[in-house]
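Chain residues, written in single-letter form:
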Amino acid sequence: SPEEERPTTRRRDVLASIMIGAATTTVLPANAAFFSSEKEGKIEIRQAIRPYAYHVDSTIPPSLLPISSARQERSVLKQLGKGLGTSKKEITGNRLNLNNIANKGVFGSINLVKSALGINQEDLKRKGLGYASFVALGVPMESTTEDINLVKDLVSTMLSGRAKNVATAMGLYFAPLSTQSALTSFAQSGDVSSVVEALTQAGVSQATIELYEPLLQFAKASKLDLVAMSPELKDIQTVRSSGLQNLDAGRRSEYVADSEGFIQLTTDPKFKLYSSRSLLKDFIPLDSKDSSASFFAERILVHEAGATALARYTKDKPEAFVTYVAPISDVRYVGGSNGRLPRVCNYLGKDLVTEESVTTILCNPKAPETLAAGFRLRLEIGTAPDNLDYQSKISDYLWFSTMPKVNMIPRLMNS
């Protein structure tokens, strides 16, 4: 019959064979399934494996470039550990074209990964006392052991590419400056009871101490210096209730080295966009007298104090490398301590530190923490015609412990 004379090869089978043969050169949709094997004449269909890490490209609007293998992840992290930082230039428009797509799908080799992610050792590597590099690791506000383990894994890989004779540290957002001596003693002796006591007396909650104790132990085992980043709790409370003007001048100088830059930043159009579209979104009144202005004053002091503490640590240390952990809300859209680091470092004499010297990685982010209205992660603020020039992307990288759901990953460029 005519039905029996039809070819038995279906369109789906043809497409499957094409996809198998060209898997390394075809650009697929983000939620594509692929045909992985053939058993007894039947095509086995499996869901595409999504990467655990993504580079946020500086397109307008930003897009995501997958880091699609463990080898590529290690390469990126080791480059950070070597102090090479992260290029902030747009990658897709300049480097992603038909020629390099054909060359192992852009991400088919370590060299291509470095090129696509803007890593150029000759251009980015810096030497001497004037240079330092930083990696901000944003964790969920309600962090779990899984989040802390991810931080440990990322930092461990970074350190594997680091020279052993270069100053290397980990900053702790929750540790008040008064605990610095206890942190330094712990890094040398490993006496955890003393550092726990110091943190407790400084007002750090028991839950926070217990959550981050494994990270402290990791830092000790890795021979990292520890850096306290937070103002004292009573000073934070003073600023929240009475304003920055009522903070003791001596205490304020501990937290703010570059006072002129600290003030001028509040008038910068890009910072104003960050303040209105990100920082102030977290405001929750403490009482009937609390205001968004008080919250604003508190957060900019916390961010400036953190940046100042990290910059001061690197001041007399050539090519120092510092990772630090902080809530996603304090590093998203690069407007918190991470955005302030280049200015403060330059003020303190680290004149080779630029925005490319500071890399921001969000660990296990969820849509609400990026200020998304729906289930997809938000990648930028500043999309209106009047503020497009000040658009800020969420971070440099998104990194996950487990495979993220396909419906939360937007604007994905697949290789």
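Right above here is the structure, for reference.
Residues numbered from 1 in each chain as written. Predicted model: local features only at pLDDT ≥ 70, side-chain atom pairs only at ≥ 80, totals over all residues. Heavy atoms only, no water.

Participant: What is the right way to look at the packing of aromatic side chains in this model?
Facilitator: We describe a pair of aromatic rings using the distance from one ring centre to the other and the angle between the two ring planes. Going through the model one piece at a time under the given rule, you end up with 8 aromatic pairs. Ring centres of Tyr173 and Tyr212 lie 6.1 Å apart, and the angle between their planes is 75 degrees; on these two criteria the pair is classed as edge-to-face. Note that Tyr173 is positioned in strand 6 (residues 168–176) and Tyr212 in helix 11 (residues 206–221), a separation of 39 residues in sequence. Under the relative-accessibility criterion, Tyr173 is labelled partly exposed at 25%. (Phe/Tyr/Trp six-rings, centres within 6.5 Å; stacked < 30°, edge-to-face > 60°. Helix = DSSP H or I, 4+ residues; strand = E, 2+ residues; numbered from the N terminus. Buried < 20%, exposed > 50% of the residue type's maximum accessible area, 1.4 Å probe, protein only.)

Participant: In this structure, what is going on with the environment of Tyr324? I would like to understand it.
Facilitator: Relative to the helices and strands, Tyr324 is located in strand 8 (residues 320–327). Sequence separation between Tyr324 and Thr360 is 36 residues, and the spatial gap between their C-alpha atoms is 9.9 Å. If we ignore the near neighbours within four places in the chain, the residues touching Tyr324 are Val135, Ala136, Leu137, Gly171, Met229, Leu310, Val331, Ser337, Asn338 and Leu341. Among the polar contacts made by the side chain of Tyr324, one reaches the main-chain amide nitrogen of Asn338 at a distance of 3.1 Å. (Contact = heavy atoms within 4.5 Å. Polar contact = N/O pair within 3.5 Å; in protein donor to acceptor, adjacent residues only side chain to side chain.)

Participant: What should I look at first to understand the pairing of strand 7 (residues 225–230) in this one?
Facilitator: Taken across its 6 residues, strand 7 has 5 buried, putting it largely inside the fold. For strand 6 and strand 7, the ladder comprises 5 bridges, and the chain directions are parallel. Each residue of the ladder has a partner; that of Gly171, found in strand 7, is Val227. (Pairing = 2+ DSSP bridges.)

Participant: What is the right way to read the nonpolar core from this model?
Facilitator: Counting residues in each nonpolar core, the largest one holds 55 residues, and the members touching the most others are Leu64, Phe134, Leu310, Tyr324, Leu341, Leu398 and Ile409. For this core, the element with the highest residue contribution is helix 16 (residues 292–314), accounting for 10 residues. Apart from residues no more than four positions distant in its own chain, Phe134 is found in contact with Leu310, Thr314, Val322, Leu341, Cys345, Val353, Ser357, Val358 and Thr359. Core analysis: the next-biggest nonpolar cluster, separate from the first, contains 43 residues, Leu150, Leu172, Ala219 and Val325 among them. (Core = buried A, V, L, I, M, F, W, Y, C linked by side-chain atoms within 4.5 Å.)

Participant: Help me understand unusual backbone geometry, please; the structure alone is not making it clear to me.
Facilitator: Trans is the prevailing form of peptide bonds, just as negative phi is the prevailing case for residues other than glycine. Residue Pro61 follows Ile60 across a cis peptide bond; omega there is -5 degrees. Inspection of the secondary structure puts Pro61 in the loop between strand 3 (53–57) and strand 4 (63–67). The phi angle at Glu319 is positive, at roughly 60 degrees, despite the residue not being glycine. Relative to the elements of secondary structure, Glu319 occurs in the loop between helix 16 and strand 8. Positive phi values are uncommon outside glycine, yet Asn364 reaches one of about 50 degrees. Counting through the fold element by element, Asn364 comes out in the loop between strand 9 (358–363) and strand 10 (380–381).

Such coordinate-based values are descriptive only and should not be taken to indicate function.
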